[in-house]
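Overview (structure and organization)
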Amino acid sequence: MKEETLILLGTGNATVTRCFNTCFAIKRGEEYFLVDTGGGNGIMTQLEKANIPMESIHEIFMSHEHTDHLLGLIWLIRMIATKMKKGQYEGNLNIYCHADLKEIILTITRLTVQAKFFNMIGERIFIHPVEDNEERDILGYHVTFFDIHSTKAKQFGFTMNLKNGKKFTFLGDEPYQEHEEVYAKDADWLLHEAFCLYADRDKYKPYEKHHTTVKEACENGEKLGAKNLILYHTEDKNLANRRELYTAEGSLYYHGNLIVPDDLERIVL
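In this report, the structure presented in the accompanying data block is examined. Because the structure is a prediction, the values reported are computed rather than measured.

Looking now at the sheet that holds strand E1 (residues 4-10). Taken in spatial order, the 7 strands line up as E6-E5-E4-E3-E2-E1-E14 in an open sheet, and their pairing is mixed. Strands with a single pairing partner mark the edges of an open sheet, and in this sheet they are strand E6 (125-129) and strand E14 (266-268). This sheet shows a mean twist of 20° between the axes of neighbouring strands, independent of strand direction. Sheet topology note: the strand E3 (residues 31-35)/strand E4 (residues 57-61) ladder contains 4 bridges and is parallel. For valine 35, the partnering residue across the bridge sits in E4 and is phenylalanine 61.

As structure tokens, this is what we get:
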């Protein structure tokens, strides 16, 4: 069986400057399932550093419309369309997102990308709208998308069954809500945002931004019975000590395997 690896391309929130915005890829064999794309052409740098060729990306999921997740996609569409035109990219590019986001992607791409590249959408680049609780087969994985019921911009997460039989759940970049339990309960791998330390809540004001602290994320992981809990979408003011500080606070509330990854970290699933 081919090894499945999670590659954290970025771990930071929207305004970070010392790391990249949160996005990641799941690698199986020579193919990648890319989840979100960061806030600009820095996605190309992260892919290069991670040794992920664009020619091996055929499946992308976009969770929501915020700039730190979306704008890198416009660069990928432009670059992959260019490779398609040059005969350097085999197959099609499939992008999955909720229906409202599809229209946003089309509008931004139409306004910012040359027509010869934009016109590849519908020809070899396909944007597939997904509904709440819709199931899809992506790279041989059974993936179920779900609406997280965001209070800001409509956003979807997903859960999937890995080839090794483990359950992998991505909760998006907002706090866990009870309706997501069916997707997150007893996950082998649970990905949860943690904007900052609970001890720093007055400094970073996560609740005003509808985010959680390490404490709440770990309480959720414990309650849901997650075997491995990955924290991401954080502030970046003390990256050198982030792992140590977040792990120290989180271990008070969560007793499974707590992971506070750095950008470009690889985790064998």
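That covers the picture; the talk isn't over yet.
Right, let's get into the side chain of threonine 169. Along the polypeptide, threonine 169 turns up in strand E10 (residues 167-170). On the basis of relative accessibility, which here comes to 0%, the residue threonine 169 falls in the buried class. At a separation of 2.8 Å, a polar atom in the side chain of threonine 169 contacts the main-chain carbonyl oxygen of tyrosine 183. Apart from the residues lying within four places of it in its own chain, the contact partners of threonine 169 are Phe146, Phe158, Thr159, Tyr183, Ala184, Ala187, Trp189, Leu190 and Leu191.

Next up on the list: the environment of alanine 240. Here alanine 240 is to be found in helix H8 (residues 239-250). Here the alpha-carbon distance between alanine 240 and threonine 5, two residues 235 residues apart in the chain, equals 24 Å.

This next bit is on helix H1 (residues 42-49). Buried within H1 are the following residues: Ile43, Gln46 and Leu47. Projection of H1 onto a plane perpendicular to its axis shows the buried side chains occupying an angular sector of 100°, all on one side. When the buried face of H1 is taken as reference, the exposed residues oriented beyond 90 degrees from it are Glu48 and Lys49. Residues of H1 that are buried make contact with E1, strand E2 (23-28), E4 and helix H2 (67-85). Looking at the residues trailing H1, positive phi occurs at asparagine 51, about 60°.

Further remarks concern the pairing of strand E11 (residues 189-193). The two faces of the sheet receive side chains in turn, since in a regular strand these alternate between them. Of all the 5 residues making up E11, 5 are buried; the element is thus mostly covered by neighbouring parts of the structure. Here E11 shows a buried face lined by Trp189, Leu191 and Glu193 and a second buried face lined by Leu190 and His192. In this sheet, strand E12 (residues 228-232) lies alongside E11 in parallel orientation, the contact comprising 5 bridges. Its bridge partner lying in E12, leucine 191 is registered against isoleucine 230.

To continue, consider the nonpolar core. As a rule of thumb, soluble globular proteins bury nonpolar side chains together. The biggest cluster of nonpolar side chains holds 37 residues, and the ones touching the most others in it are Leu9, Ile52, Ile60, Met62, Ile95, Ile105 and Ile125. Ranked by the residues each element gives to this core, the list is headed by H2, at 8 residues. When residues no more than four places from it in sequence are discounted, the contact partners of isoleucine 125 are Ile77, Ala81, Met84, Leu93, Ile95 and Met120. Core analysis: the next-biggest nonpolar cluster, separate from the first, contains 26 residues, Phe33, Val35, Phe158 and Ile259 among them.

Strand order in the open sheet made by the 7 strands is E7-E8-E9-E10-E11-E12-E13, with mixed pairing throughout. Two strands bound the open sheet, and with one partner strand each, they are strand E7 (135-138) and strand E13 (257-259). Mean inter-strand twist for the sheet, computed between neighbouring axes without regard to direction, equals 20°. The pairing of strand E8 (residues 141-147) with strand E9 (residues 156-161) spans 6 bridges and is antiparallel. Pairing of aspartate 147 across the sheet is with phenylalanine 156, part of E9.

Another point: H8. Along an α-helix, residues three or four positions apart point the same way, because every turn accommodates 3.6 residues. End to end, H8 covers 16 Å across 12 residues, agreeing with the expected 16 Å (1.5 Å per residue, within 8%). What H8 keeps buried is the set Arg242, Tyr246, Glu249 and Gly250. For H8, the buried positions fall inside an angular range of 85° around the axis, keeping them on one side. Seen from the open side of H8, the exposed residues pointing more than 90 degrees away from its buried face are Ala240 and Glu244. On its buried face, H8 sits against helix H7 (214-224) and E13.

What counts and how
Residues numbered from 1 in each chain as written. Predicted model: local features only at pLDDT ≥ 70, side-chain atom pairs only at ≥ 80, totals over all residues. Heavy atoms only, no water. Pairing = 2+ DSSP bridges. Helix = DSSP H or I, 4+ residues; strand = E, 2+ residues; numbered from the N terminus. Axes fitted to C-alpha atoms, helices over the stretch in contact; angles between N-to-C directions. Buried < 20%, exposed > 50% of the residue type's maximum accessible area, 1.4 Å probe, protein only. Polar contact = N/O pair within 3.5 Å; in protein donor to acceptor, adjacent residues only side chain to side chain. Contact = heavy atoms within 4.5 Å. Arc of directions from axis to C-beta. Core = buried A, V, L, I, M, F, W, Y, C linked by side-chain atoms within 4.5 Å. Expected span 1.5 Å × (residues − 1).

Taken by themselves, the reported measurements are silent on function.
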